Amino acid sequence: MKTNGIIRKVDGLGRVVIPREYRKLHRISLGDPMEISCLESGEIVLRKMDMTLSLEELSVGALRVLAENTEGTVLVSNLEKWLGGNGADKGMFIGKDLPGEIRSRISRREDYSVFDVTEIKGLDVKPGRKLAMVSEPIAGDSDVFGALFVVRTDAVSEKDIALIKTAAVILGNSLQKF
């Protein structure tokens with residue numbers, strides 16, 4: 001077998017450092033889940049786990065229930081883009097990258113609310129359309145997985161906020177188990 005890899009030594013606690021170049025190339029960040037497996041040949045394989053599918057799968061029921069109990073559009077995102085949603089305005093968001101301001105707030109575990117989403121740089125909202133948005137991070141004990149959002153044509157209610165806070169905690173706790 002031909003190799004071009006970087007050689008690292010195992011430390012006293014059995015750890016091996018993944019070189020910075022590899023972490024950057026494969027977008028591996030602090031706290032990312034990694035799968036370690038051993039092949040019959042004795043090779044050890046290290047693979048970054050993609051939790052996006054789990055977040056999408058787990059949030060389907062929550063999005064449906066939230067949409068039934070709010071009068072707005074509900075959305076779920078990972079740390080990079082909007083993954084799914086339910087409601088009239090979901091097409092404006094799903095599949096698009098999260099604006100940097102929202103991304104950084106989610107990463108810092110901060111909730112977010114804005115009375116006019118046209119103020120958010122990076123969103124493509126039709127001129128003259130005013131939408132309010134509130135978000136809540138989906139986080140576990142040590143990881144942030146994404147966020148839940150409610151988008152409405154009028155002010156977001158306290159009920160909407162309470163619902164997404166509750167759903168975000170439940171989703172975060174469920175994802176923490178992976």
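So, here's what we can say about the structure. (Residues numbered from 1 in each chain as written. Predicted model: local features only at pLDDT ≥ 70, side-chain atom pairs only at ≥ 80, totals over all residues. Heavy atoms only, no water.)

1. Considering the overall build of the protein chain
Looking only at helices and strands, the protein chain has four helices and seven strands in total. Tracing the protein chain from N to C terminus, the helices and strands come up as α-β-β-α-β-β-α-β-β-β-α. When its C-alpha atoms are laid out on the principal axes, the protein chain stretches across 60 × 30 × 25 Å. Within the span of the protein chain, comprising 178 residues, buried residues form 35% of the whole. A separation threshold of at least 6 residues defines the contact pool for the protein chain, and within that pool the share at least 24 residues apart is 42%. In the structure as shown, the protein chain presents an accessible area of about 11400 Å², 53% of it carried by carbon and sulfur atoms. (Helix = DSSP H or I, 4+ residues; strand = E, 2+ residues; numbered from the N terminus. Buried < 20%, exposed > 50% of the residue type's maximum accessible area, 1.4 Å probe, protein only. Contact = heavy atoms within 4.5 Å. Areas by Shrake-Rupley, 256 points an atom, 1.4 Å probe, with all protein chains shown as cover.)

2. Notes on the sheet that holds strand β7 (residues 144-152)
As a general point, the strands of a sheet are linked pairwise by backbone hydrogen bonds and lie either parallel or antiparallel. Here five strands make up an open sheet; going across it, the order is β4-β3-β7-β6-β5 and the pairing antiparallel. This sheet does not close on itself; its edge strands, each paired only once, are β4 (82-86) and β5 (112-114). If you compare each strand with its neighbour and ignore which way they point, the axes differ by 15° on average. Where strand β6 (residues 132-139) and β7 come together, eight bridges link them in antiparallel fashion. Along β7, the bridge assignment pairs Met133 with Val151. (Pairing = 2+ DSSP bridges. Axes fitted to C-alpha atoms, helices over the stretch in contact; angles between N-to-C directions.)

3. Section: a nonpolar patch on the surface
Residues Ile36, Ile44 and Leu46 make up a contiguous nonpolar surface patch of roughly 340 Å² in combined accessible area. Structurally, Ile36 is set in strand β1 (residues 34-38). (Patch = residues over 30% accessible without salt bridge, like charges linked within 9 Å, V, L, I, M, F, W, Y side chains within 5 Å. Salt bridge = Lys/Arg side-chain N within 4 Å of Asp/Glu carboxyl O.)

4. Looking at helix α4 (residues 158-176)
In this model, α4 (19 residues) spans 27 Å end to end at C-alpha, consistent with the 27 Å of a helix rising 1.5 Å per residue. Looking at α4, one finds that the buried residues are Asp160, Ile164, Ala167, Ala168, Leu171, Gly172 and Leu175. The buried residues of α4 occupy one face: seen down the axis, they fall within an arc of 135°. Of the exposed residues in α4, the ones pointing more than 90 degrees away from its buried face are Glu158, Lys159 and Ile170. (Expected span 1.5 Å × (residues − 1). Arc of directions from axis to C-beta.)

By themselves, these observations are geometric and do not establish any function.
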